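Below, each chain spelled out in residue letters.
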Amino acid sequence: MTVRFGYTILYVPDVRETVAFYEAAFGMTLRFLHESGLYAELETGAVTLAFAGEEMAEMNGLGIRPQRKNDPAQAVEIALICDDPKSAWDRAVAAGALPLSPPQTKPWNQIVGYVRDLNGCLVELCSDMTNPN
């Protein structure tokens, strides 16, 4: 049996608004948007970052705790590898991301900064550890 990581799906209040934010804040592009507006995928490389409307969780029989920007962040983050984490952090903040921690060089020689997206999801903007600066 083979298992591989394929998707991260974030349940959000408004899929279209979230996609627009990720395009503006992180320069991502839309790969797919279902005509219902309840599901979308971004071009993110090997692993898919997707958004589903919170009502999709209910339709699938799932109980979720919705993420809200004024609530504490959930105990999960999205890590986005950037060529220039400082510029990426500045762009995200200019697009409306909540700044948490500006990019800093960590003891393991990775540059890491944190923001929260428009829904309150924790987003790490970091350099690539396969090619540390």
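In this convention, every chain numbers its residues from 1, walking through the sequence in written order. Totals for whole chains, interfaces and linings use every residue, but because this is a predicted model, local features are given only for residues with pLDDT of at least 70 and side-chain atom pairs only at 80 or more, for both listing and counting. For the side-chain quantities, the full set of heavy atoms in the structure was used; hydrogens and water were omitted.

A. Seen up close, the side chain of Asn-119. A run of H or I in DSSP counts as a helix once it spans at least four residues, and a run of E counts as a strand once it spans at least two, with each numbered from the N terminus. Along the chain, the position of Asn-119 falls in the loop between β7 (111–116) and β8 (122–126). In what follows, a contact means two residues having at least one pair of non-hydrogen atoms within 4.5 Å. In contact with Asn-119, other than residues within four places in its own chain, are Val-12, Pro-13, Thr-18, Gln-67, Arg-68 and Lys-69.

B. Region of the structure containing the sheet that holds β8. The strand order β5-β8-β7-β6 describes an open sheet built from 4 strands, whose pairing is mixed. Two strands in the sheet have a free side with no partner beyond their single neighbour: β5 (77–81) and β6 (98–105). Strand-to-strand twist of the sheet, defined as the mean angle between neighbouring strand axes without regard to direction, takes the value 15 degrees. The pairing criterion is simple: DSSP has to find at least two bridges between the two strands. Pairing geometry for β5 and β8, over 5 bridges, is parallel. Throughout, an axis means a line fitted to C-alpha atoms (over the contacting stretch in the case of helices), and angles, computed between N-to-C directions, take values from 0 to 180 degrees.

C. Molecular detail of the UniProt feature "domain: VOC" (unreviewed entry) in the protein chain. UniProt positions are given in the numbering used here, feature names are shortened, and annotations may be inferred rather than shown by experiment. The feature "domain: VOC" (unreviewed entry), as given by UniProt, occupies residues 4–128 in the numbering adopted here. For residues 4–128, the end-to-end C-alpha separation is 21 Å, with 22% helix and 35% strand making up the annotated structure.

D. Representation of the sheet that holds strand β1 (residues 7–12) in the model. Reading across the sheet, the 4 strands line up as β1-β4-β3-β2 and stay open at both edges, with mixed pairing between neighbours. Each edge of the sheet is formed by a strand with only one pairing partner; in this case those strands are β1 and β2 (30–33). Neighbour-to-neighbour, the strand axes of the sheet open up by a mean angle of 20 degrees, direction not taken into account. As defined by bridge partners, β2 adjoins strand β3 (residues 39–42) across 3 bridges and the pair is classed as antiparallel. Bridge assignment links Leu-30 to a residue of β3, and that residue is Leu-42. Of the strands in this sheet, β1, β2, β3 and β4 (48–53) touch helix α1 (residues 15–26), which is tilted by about 150 degrees from β4.

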